[in-house]
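Commentary on secondary and tertiary structure
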Amino acid sequence: MNDSAKTLLLVDGSSYLYRAFHAMPALTNSKGTPTGAAYGITNMLKRILAERAPDYMAVVFDAKGKTFRDEWYPEYKATRQPMPDELGVQVGPIHQLVEALGIPLLEVAGVEADDVIGTLARAAAQRGIHTVMSTSDKDMAQLVDDHVTMVNTMDGGTLDPDGVESKFGVRPERIVDYLTLIGDTSDNVPGVPKVGPKTAAKWLAEHGSLDGIIANADAIKGKAGENLRDSLDQLPLSRRLVTIRCDLDLDVSPEDLVPRAPDLERLRELYSELEFKTWLAEILEGEDAAPSAPAGEARYEAVLDAATLDRWIERLQGADLFAFDTETTSLNYMRAEIVGVSFAVTPGHAAYVPLAHRYAGAPEQLDRGAVLARLKPLLEDPARAKVGQNLKYDMSVLARAGVRLEGVRFDTMLESYVLDSTATRHDMDSLALKYLAHRTIHYEDVAGKGKSQIGFDEVAIEQAAPYAAEDADVTLRLHRVLWPKLEREGALARLFREIEMPLVPVLSAMERAGVKVDARLLAQQSAEIADRLVEVEEAAYREAGRPFNLGSPKQLQEILFDELELPVIAKTPKGQPSTAETVLQELALDHALPHLILEHRALAKLRSTYLDALPACIDPQTGRVHTSYHQAVASTGRLSSSDPNLQNIPVRRPEGRRIRQAFVAEDGYRLLAADYSQIELRIMAHLSGDEGLLAAFEGGEDVHRATAAEVFGVAPADVTPDQRRNAKAINFGLIYGMSAFGLGRQLGIARNEAQAYVDLYFARYPGVKAYMDRTREQAHDTGYVETVYGRRLYLPEINSRNAQRRQYAERTAINAPMQGTAADIIKRAMLAVHDWLDTSSADARMIMQVHDELVLEVAVGALDEVRERIVALMAGAADLAVPLVVEAGAGPNWDEAH
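Rules used in this analysis
- Residues numbered from 1 in each chain as written.
- Predicted model: local features only at pLDDT ≥ 70, side-chain atom pairs only at ≥ 80, totals over all residues.
- Heavy atoms only, no water.
- Phe/Tyr/Trp six-rings, centres within 6.5 Å; stacked < 30°, edge-to-face > 60°.
- Buried < 20%, exposed > 50% of the residue type's maximum accessible area, 1.4 Å probe, protein only.
- Lys NZ or Arg CZ within 6 Å of the ring centre and 35° of its normal.
- Helix = DSSP H or I, 4+ residues; strand = E, 2+ residues; numbered from the N terminus.
- Pairing = 2+ DSSP bridges.

This brings us to the packing of aromatic side chains. Counting across every chain of the model gives 21 aromatic pairs. For the pair Y761 and F762, a centre-to-centre distance of 5.9 Å together with 75° between the ring planes defines the contact as edge-to-face. Pair check on accessibility: Y761 and F762 agree, each one buried. Following the ring pairs from residue to residue traces out a cluster consisting of Y39, Y271, F276 and W279. Just above the ring of W72 sits the side chain of R240; from NZ or CZ to the centre is 3.8 Å. Note that K769 overlies the ring of F762, its terminal NZ or CZ placed 5.9 Å from the centroid.

So, in structure tokens, the structure goes:
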């Protein structure tokens, strides 16, 4: 090939359509629309454009309708399955993306994409243009010659004539003969039965061509020869079907297929709709190198004098709603100092008031105390409506500065979360990109990255002001987009107004209250576990017959599977025996060493995650641990916590329960722990309306004992401990969508025995089975499930073609309404308790929320009153078809209270 020759790149769009669909995970946008194939094809096109920069290019798709091959052979492609719905909905957007990228798109009625590509390749060769065919279709190999090469951009393989021979065993000019012999099941083209690629290549090597094979058919022995002779009549048709036409009368020539500059505006729309955020950000960054104005016309100002501040305060006083944000020295709300504040009243116009920027040459700034005093009446006025992004943080920071933030009506993080908890991250940068198609100024843009990053108080005001003012402006803009969406979904707006927003000040107060932790006791426990770890290590060495690194998967593989020859339960993606926890748990049922390894892992994690980490979280000023509660993380509505994470302290192990002993009350106080009993089972009874479950809870029975009596057909008094344990596993297993296989594994019984238990359970509790079937059906129809209070959980993979993902989504569909309703109920309880404590003279405060449990710190003299009231308030937090039961205990530490 002449290096100076121009290049025509022809992409087999139809081939890649299916290839991308099956290769990519089941991606969807927030509306549940599949996007995986569109992403895969776009990514391939962007890459090939960048790498090859062809002179001419086209993406060729099959047109709808029949072709000339259907006329020759009505059964042509008759066995091909219809295009999956998840792919069909992506064809239109894919075509739009191709055109927006500036690439000519071809669809020619009555012929296939292969024929269009063949015709253009031959025409290009006559003009001295080299053609590169981007395809994964083996049929296209027949077109390869000195002027045409074949590239599979999915795996990077390139085929010239020698490459074709190496791959298929025949030269390109014999590919038609080769395909005729082997046939094509995907296109329903008949070949010679039992003749595969190796036999076809062998025959062609021996006889030169298909005609040579036909001429010598009588001499070919065995069953294959017999099948060949039986197929002689249909071979000419098969040859016609697999031969790509190169003589079509097309309206375009290779020179017409010049790529254009991408249509950035159209790409921006498509990327935004499909939620291809990285590519959207690239476009936006290119459009606006200093991305300070969402619409390109924002006015942001730094407030450096009293007159300008007066003008802004006047605007805030006259506003129906204003956006507010703080800039600080730390993400830790207990240590953060206010550096400045920003606000916006109308989109596109915002201000930043710098208060504590400390760097060489910094201009004189307004006094922080004086500004906060001026703003205090506005910020503390409950009638002045405010909107923010993650305002709980600002609320806590302001509280430490003596300002009680009131009138918080909206939080864009929570608006996004309530609208769709699974759709996206709910940080402002992600939301701005998704809903405003705007790339915000990132913190790293003004403060730097990594070790060179500076504090915000060191950022020059010239850079700080646009960044901070944009935060307020974008927040206001986001609210104007998100709130109407919530209002259109009445139940979601109600959930936002009645649960999520009122909870913000409750969580802020809990976080600032914190909980006292005994660091000395944790250190003692850590030392004890260190000794125990040494004992476990030595026992493991004895079992293994030699010392080894218990944390090394490679050494574990050698000892467990090579030296001790334990059975291989599962393998890693690289084919090595797996030492994952689930594998070790199964091996530990029969072997001592895997049990010791699991014991070592559990103890080591307990020590590093809690015993050694918790003391570092104690605030030096308060002597207490102040976690951060997150409303917008768990998809089901449950709260999560971090720094430290209080939700996952293990309580099944005695060492884990001992950690709770280090959570202590102040002198003169006790910890009161109030916990819902079997709340998710009660919600199951409510949602399913099953008469048996309802009766068990209504009568105050031990529901696990009642279930065991039903399933095993015995009187409640005769239920054995093992039967109750099995019934408990069934009750909770079904809530979490556990299969018979999973249940059998948990109980240590055969799968068919576990399935018999499940069948018996459903026979005794038919309402539960009906609820599960009904919920799955609703999820498949709507793409989401709801809690009792209207919280919605979207399930993007509920109709996935991947059975494993689809089944996981179905299990989630059954569990989410129960777990989500439980989350809503505990939040409603927290609001009720907070309101009572606010108006009561009782000396008590909420300090922790963990799963279905509330923990309060209560003065000893108020303990009886508070316990009685808390139990009543929590029990009354929901009106279900069965009573809510609350168990409450008190003690000097969390373990004794629980």
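On to the pairing of strand β10 (residues 349–354), then. For β10, the tally of buried residues reaches six of six residues, placing the bulk of the element in the interior. Burial of the side chains of β10 extends over both faces: H349, A351 and V353 are buried on one face and A350, Y352 and P354 on the other. The pairing of strand β7 (residues 299–302) with β10 spans four bridges and is classified as parallel. In the strand pairing of β10, R299 is matched with H349. As defined by bridge partners, strand β9 (residues 338–346) adjoins β10 across six bridges and the pair is classed as antiparallel.

Time to look at unusual backbone geometry. Looking along the chain, the bond that leaves D643 and enters P644 is cis, with omega of 0°. Of note, N390 is a non-glycine position whose phi angle comes to about 55°, a positive value. Its location among the elements puts N390 in the loop between β11 (385–388) and α16 (391–400). Look at H851: it is not a glycine, yet its phi comes out positive at around 60°. You can see H851 is positioned in the loop between β21 (844–850) and β22 (853–859). Judged by relative accessible area, which is 37%, H851 ranks as partly exposed.

Ordered by their spatial adjacency, three strands build an open sheet running β14-β13-β17, and the pairing between neighbours is antiparallel. Here the strands that pair on one side only, and so sit at the sheet edges, are β14 (624–625) and β17 (663–664). Pairing of strand β13 (residues 515–517) with β17 involves two bridges; the strand directions are antiparallel. Paired with K516 across the bridge in β17 is V664.

The values are spatial; any link to function lies outside them.
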